[in-house]
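Each chain is listed here by its residues.
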Amino acid sequence: MPDDERRFELRATDRLVAFSDAVVAIAITLLALDLPVPNGSTMSVFLHSVRHDSEHYFAFLISFFVIAAAWRRYHKIFRYIERVDPHVVTCNLVWLLIMVLTPFATKLLTITSPSTVGPHALQFGFYALLQVVSSAALLLIVHHVAAHAEQAPGTPPLADTYNDWASYGAMLGFALSIPIFFLTYNAWVVWIVTRSEEHTSEL
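Residues numbered from 1 in each chain as written. Predicted model: local features only at pLDDT ≥ 70, side-chain atom pairs only at ≥ 80, totals over all residues. Heavy atoms only, no water.

## A closer look at the overall build of the protein
Line of reasoning, step 1. A count of helical and extended segments in the protein gives 8 helices and 0 strands.
Line of reasoning, step 2. Tracing the protein from N to C terminus, the helices and strands come up as α-α-α-α-α-α-α-α.
Line of reasoning, step 3. Per-residue burial over the protein gives 39% buried out of 203 residues.
Line of reasoning, step 4. Restricting the contact set of the protein to residue pairs at least 6 apart, pairs at least 24 apart contribute 76%.
Line of reasoning, step 5. Per element, the accessible surface of the protein, about 11000 Å² overall, is 70% carbon and sulfur. (Helix = DSSP H or I, 4+ residues; strand = E, 2+ residues; numbered from the N terminus. Buried < 20%, exposed > 50% of the residue type's maximum accessible area, 1.4 Å probe, protein only. Contact = heavy atoms within 4.5 Å. Areas by Shrake-Rupley, 256 points an atom, 1.4 Å probe, with all protein chains shown as cover.)

This is the structure we're talking about:
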């Protein structure tokens, strides 16, 4: 490959990663902007206000770590990618769409709990579906890059540096939680187990 062409492809990859970093930063910022501010003239009233909005703070923490984990996986993939083609760009845009929708999905989680399990399952199921699509988009990038030799020469193959099974496990965990939400309000526990197992497998 001519040096000039290779330099231009490297610049295109760097621009894509920089753009993605900016979008992720905005998504995390939007999470914080939606947080309610506690208020109260006395300590007891202030603490009551905090407890009253605890679901909002808990949802924020969940989404912060979900986006952070997705961003870590993204950079683990793009660390050695030298060239991006339209397929990679498309998958990247799908992944960014999920990052942008995550603050909205987080806000759905904080809506007053419905009296029936159906609407609750739709609220939490939508959030879980986003995580399935996020992991799937990154997996498609991994396998496409490996199949089309788009990594930098002399770098370890993505098959050695990226844990496919961790992503498959995350997709399965979030996908299984969707029907479970129609049975119980507490299916979100599956998310915590899924994320903890994924983090352990990456260490």
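## Here's the deal with the packing of aromatic side chains
For any pair of aromatic rings, the description consists of the separation of the ring centres together with the inter-plane angle of the planes.
Line of reasoning, step 1. Tallying each qualifying case throughout the model produces 6 aromatic pairs.
Line of reasoning, step 2. Considering the side-chain rings of Phe 104 and Phe 126, the 6.1 Å spacing of their centres and the 80° angle between planes classify their relative orientation as edge-to-face. One end of the pair, Phe 104, is in helix α4 (residues 86-109); the other, Phe 126, is in helix α5 (residues 117-147), with 22 residues separating them in the sequence.
Line of reasoning, step 3. Taken together, the ring pairs in this structure connect Phe 60, Phe 64 and Phe 65 into an aromatic cluster. (Phe/Tyr/Trp six-rings, centres within 6.5 Å; stacked < 30°, edge-to-face > 60°.)

## Some words on the pattern of salt bridges
Line of reasoning, step 1. According to the stated counting rule, one finds 1 salt bridge in the structure shown.
Line of reasoning, step 2. Glu 150 is the salt-bridge partner of Arg 83, the closest N and O atoms lying 3.9 Å from each other. Here Arg 83 is found in the loop between α3 (54-78) and α4, whereas its partner Glu 150 is found in the loop between α5 and α6 (158-161), with 67 residues between them in sequence. (Salt bridge = Lys/Arg side-chain N within 4 Å of Asp/Glu carboxyl O.)

## Focus on a nonpolar patch on the surface
Line of reasoning, step 1. Taken together, the side chains of Ile 26, Leu 30 and Leu 33 make up a nonpolar region of the molecular surface, amounting to roughly 300 Å² of accessible area.
Line of reasoning, step 2. Within the secondary structure, Leu 33 is located in helix α1 (residues 3-33). (Patch = residues over 30% accessible without salt bridge, like charges linked within 9 Å, V, L, I, M, F, W, Y side chains within 5 Å.)

## Side note on the packing of α5 against helix α7 (residues 164-180)
Line of reasoning, step 1. As a packed pair, α5 and α7 sit with axes 8 Å apart at the nearest point and diverge in direction by 155°. On the basis of the axis angle, α5 is roughly antiparallel to α7. Pair α5 / α7 crosses with left-handed handedness. Contacts between α5 and α7 involve Gly 125, Ala 128, Leu 129, Gln 131, Val 132, Ser 135, Ala 136, Leu 139, Val 142 and His 143 from the former and Asp 164, Ser 167, Tyr 168, Ala 170, Met 171, Phe 174, Ala 175, Ser 177 and Ile 178 from the latter.
Line of reasoning, step 2. Its residues placed into classes, the contact of α5 with α7 shows 12 nonpolar, 6 polar and 1 charged. (Axes fitted to C-alpha atoms, helices over the stretch in contact; angles between N-to-C directions. Parallel < 35°, antiparallel > 145°, perpendicular 65-115°, else oblique. Left-handed = near helix turned anticlockwise from the far one by under 90°. Nonpolar A, V, L, I, M, F, W, Y, C, P; charged D, E, K, R; others polar.)

## Some points on the confidence of the model for the protein
Line of reasoning, step 1. Overall, the prediction assigns the protein a mean pLDDT of 82, with 85% of residues at 70 or greater.
Line of reasoning, step 2. The least confident element of the protein, judged by mean pLDDT, is helix α8 (residues 189-202) at 61; the most confident is α4 at 93. (pLDDT = per-residue confidence, 0-100.)

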